[in-house]
Amino acid sequence: GAVVSQHPSWVICKSGTSVKIECRSLDFQATTMFWYRQFPKQSLMLMATSNEGSKATYEQGVEKDKFLINHASLTLSTLTVTSAHPEDSSFYICSASAGGRGNTIYFGEGSWLTVV
Amino acid sequence: GESVGLHLPTLSVQEGDNSIINCAYSNSASDYFIWYKQESGKGPQFIIDIRSNMDKRQGQRVTVLLNKTVKHLSLQIAATQPGDSAVYFCAENSNGGSNYKLTFGKGTLLTVNP
């Protein structure tokens with residue numbers, strides 16, 4: 001079964017509204033989670049590193065005020081797309097680390113966002 | 001900045017043949033590599049990993065080869081099956097310790113013809 005769960009799996013929202021996507025680690029605690037964005041037929045692009053109890057670290061070119069990340073507990077990180085626009089439509093994927101390296105980097109099943 | 005890239009964006013093979021997917025990386029500090037399989041509409045699925053102190057690692061029907069001299073790695077899939085059809089990404093990590101940040105390559109779409 002999945003060890004990292006994302007919700008919702010897909011969401012459609014109106015332009016100008018905000019959308020929240022959740023990433024939960026199941027059965028393990030994750031001090032660090034990562035948020036990726038993937039456009040159709042493209043690779044995963046890291047958006048930000050979510051650190052439990054502290055501010056997220058954003059990659060260059062990613063607007064921190066538009067993509068709000070909250071990692072309030074060791075099992076939950078949320079990504080809020082604020083004032084969404086059609087160009088924000090994408091597949092958002094999170095990953096979480098249980099500790100160590102290798103296959104302990106678990107990915108969620110992704111969340112499809114469509115902004116109309 | 002430095003990136004991880006792929007030579008072949010698409011690969012079509014016959015069922016039962018062996019598949020080879022290639023990946024080039026440019027960050028000389030990369031010391032850990034992972035291959036992922038991504039099916040349509042799903043998140044990446046771990047296939048196999050390799051550390052820079054190795055040049056070959058085998059799993060079930062898969063083998064990863066690492067050539068640090070030319071900064072190249074490949075994924076070999078033996079006896080390819082229709083269920084192997086997916087996009088395959090290589091990813092690298094260049095930080096030791098507790099940083100699990102991954103940089104992904106562009107991806108190769110593997111199509112297995114029955």
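In the block above lies the structure referred to throughout.
The paragraphs below set out a description of the structure included in this document. None of the values given here were measured: they were computed from a predicted structure. (Residues numbered from 1 in each chain as written. Chains lettered and ligands numbered in written order. Predicted model: local features only at pLDDT ≥ 70, side-chain atom pairs only at ≥ 80, totals over all residues. Heavy atoms only, no water.)

### Some points on the pairing of strand E5 (residues 45–51) of chain A
Residue and element names in this part refer to chain A.
Move 1: Counting buried positions along E5 yields six of seven residues, so the element is predominantly enclosed.
Move 2: Bridge count for strand E4 (residues 32–38) against E5 is six bridges, and the pairing is antiparallel. Counted as the bridge partner of Trp35 is Ala48 from E5.
Move 3: Hairpin connection of E4 to E5: six residues between the antiparallel strands, including Lys41 at a positive phi of 60 degrees.
Move 4: Pairing between E5 and strand E6 (residues 57–58): two bridges, direction antiparallel. In the sheet register, Thr49 faces E6, and the bridge partner there is Thr57.
Move 5: Hairpin connection, E5 to E6: the antiparallel pair is bridged by five residues, and Gly53 has positive phi, about 80 degrees. (Buried < 20%, exposed > 50% of the residue type's maximum accessible area, 1.4 Å probe, protein only. Helix = DSSP H or I, 4+ residues; strand = E, 2+ residues; numbered from the N terminus. Pairing = 2+ DSSP bridges.)

### What to know about the environment of Thr57 of chain A
All names here are of chain A.
Move 1: Among the secondary structure elements, Thr57 is positioned in strand E6.
Move 2: Exposure remark for Thr57: the relative accessible area of 44% places this residue in the partly exposed category.
Move 3: With 27 residues separating them along the chain, Thr57 and Ala30 place their C-alpha atoms 16 Å apart.
Move 4: Not counting residues within four places of it along the chain, the set of residues in contact with Thr57 comprises Met47, Ala48, Thr49 and Asn51. (Contact = heavy atoms within 4.5 Å.)

Read these as layout, nothing more, since geometry by itself doesn't imply function.
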